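These are the residues of each chain, in order.
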Amino acid sequence: MIQTIDQTDAPAVGSRPGKVRLGIRDVEAFYGQIQALRGVSLDVHEGEIVTLLGSNGAGKSTTLKTISGLVRVQRGEVQLEGESIARLAAHEIARRGVVHVPEGRRILRGLTVKENLELGAFTVKDSGLRRQRLDEVYALFPILHERRHQDGSLLSGGQQQMLAMGRALMHGPSVMLLDEPSMGLAPKLVTDIMRIIKRLNEAGTTILLVEQNARLGLRLAHYAYVIENGEIRMQGAAAELRQDESIVKAYLGVGE
Ligand SMILES: Nc1ncnc2c1ncn2[C@@H]1O[C@H](COP(=O)(O)OP(=O)(O)O)[C@@H](O)[C@H]1O
Ligand SMILES: [Mg+2]
């Protein structure tokens, strides 16, 4: 069922599989005096890919930042398995398995690919486990193994996206927050990245995927939310939203 949300009270939604892994309730966030989120509520269930769609400046990145602790939650709640994480430090949230792959990738210059990956494992004390994770990342992204001794900032855009995702995977996340992983990539690479996101999900990672490209997000996700001007305006099963071209166009006006 597709629901359009008129006022502030979001109606209950139809059944979705799994328990709520991540629950965001009426979150408000500010940059100084500017209110970026005006009571955002959304759920990410265990095992799902949920996509958060919206145009530039709608509040997508801010939503992810409030979850991962990079932007303070002024009002409202962020819960992981029913427990509040809204006032925890970012590193503590990462330690609990919620890992953010930010927009723009943030690859550290002057560090090799391998060093960038090892940095991602700061939450992992066991060196054997770190080694194992590194091998898993290399298996998923063979190009990172090939380039492991090169400066991370010299990689192509697509490779940097892989490195950013690999760095997040070093934590062994149970929830991944992905901010526009397709941005600026050639179509072939977008397909590769999307395939990897699907694989990670199938291997058990719950994913909240932010996308400006609605068709891409809807193709991959199980469930979708549309944010506009800091408010969730629409939500529904991705398969249903995908079929309704008029809704996608009215809200987002983007193709690919
Ligand atoms: N660091 C910041 N300082 C001030 N305003 C910001 C900052 N980051 C984002 N904003 C504003 O908050 C709103 C939401 O931004 P953002 O969450 O980045 O949108 P999106 O990711 O959907 O493009 C926009 O109006 C944006 O201009
Ligand atoms: Mg953004």
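J.: What is the right way to look at unusual backbone geometry in this model?
T.: In terms of backbone geometry, most residues other than glycine have negative phi values and most peptide bonds are trans. The phi torsion at Asp26 lies on the positive side, around 50 degrees, for a residue other than glycine. By the element assignment, Asp26 lies in strand β2 (residues 20-31). Here the phi dihedral of Asn229 falls at roughly 50 degrees; this positive angle occurs in a residue that is not glycine. By secondary structure assignment, the location of Asn229 is in the loop between β10 (223-228) and β11 (231-237).

J.: I tried to follow the coordination of the magnesium ion (ligand 2) on my own but got confused; where do I start?
T.: Geometry sets the ideal angles at a metal, namely 109.5 degrees for four tetrahedral donors and 90 or 180 degrees for six octahedral donors. Taken together, Ser61 (OG) and Glu103 (OE) make up the protein donors of the magnesium ion (ligand 2), found 2.0 to 2.5 Å from the metal. With Ser61 in helix α1 (residues 60-68) and Glu103 in the loop between β7 (98-101) and α3 (113-120), this pair connects stretches of sequence that are 42 residues apart. Of the residues examined, Ser61 reaches a relative accessible area of 14% and is grouped as buried. Since its relative accessible area comes to 30%, Glu103 is described here as partly exposed.

J.: Where do I start with the sheet that holds strand β5 (residues 75-80) in this structure?
T.: Note: strands within a sheet are paired through backbone hydrogen bonds, in either parallel or antiparallel orientation. The strand order across the open sheet formed by four strands is β3-β2-β5-β6, and the pairing between neighbours is antiparallel. Both outer strands of the open sheet, β3 (34-45) and β6 (83-84), are each paired with one neighbouring strand and no more. In this sheet, β6 lies alongside β5 in antiparallel orientation, the contact comprising two bridges. In the sheet register, Leu80 faces β6, and the bridge partner there is Glu83. Against the sheet, α1 touches β2, β3 and β5, its axis set at about 115 degrees to β2.

J.: Would you take a moment to explain the site of ligand 1 for this structure?
T.: Around ligand 1, the neighbouring residues are Tyr31, Ala36, Ser55, Asn56, Gly57, Ala58, Gly59, Lys60, Ser61 and Thr62. For ligand 1, an oxygen atom lies 2.9 Å from a polar atom in the side chain of Ser61. Contact between ligand 1 and Thr62: an oxygen atom at 2.5 Å from a side-chain N or O atom of the residue. Notes on ligand 1: free accessible area 570 Å², of which the protein chains cover 61%. For the shell around ligand 1, the element with the highest residue contribution is α1, accounting for three residues. Here the residues of the shell around ligand 1 are counted per class, giving three nonpolar, six polar and one charged.

Analysis parameters
- Residues numbered from 1 in each chain as written.
- Chains lettered and ligands numbered in written order.
- Predicted model: local features only at pLDDT ≥ 70, side-chain atom pairs only at ≥ 80, totals over all residues.
- Heavy atoms only, no water.
- Helix = DSSP H or I, 4+ residues; strand = E, 2+ residues; numbered from the N terminus.
- Donors = N, O, S within 2.8 Å, 3.2 Å for Na, K, Ca; no water.
- Buried < 20%, exposed > 50% of the residue type's maximum accessible area, 1.4 Å probe, protein only.
- Pairing = 2+ DSSP bridges.
- Contact = heavy atoms within 4.5 Å.
- Axes fitted to C-alpha atoms, helices over the stretch in contact; angles between N-to-C directions.
- Near = heavy atom within 4 Å.
- Polar contact = N/O pair within 3.5 Å; in protein donor to acceptor, adjacent residues only side chain to side chain.
- Areas by Shrake-Rupley, 256 points an atom, 1.4 Å probe, with all protein chains shown as cover.
- Nonpolar A, V, L, I, M, F, W, Y, C, P; charged D, E, K, R; others polar.

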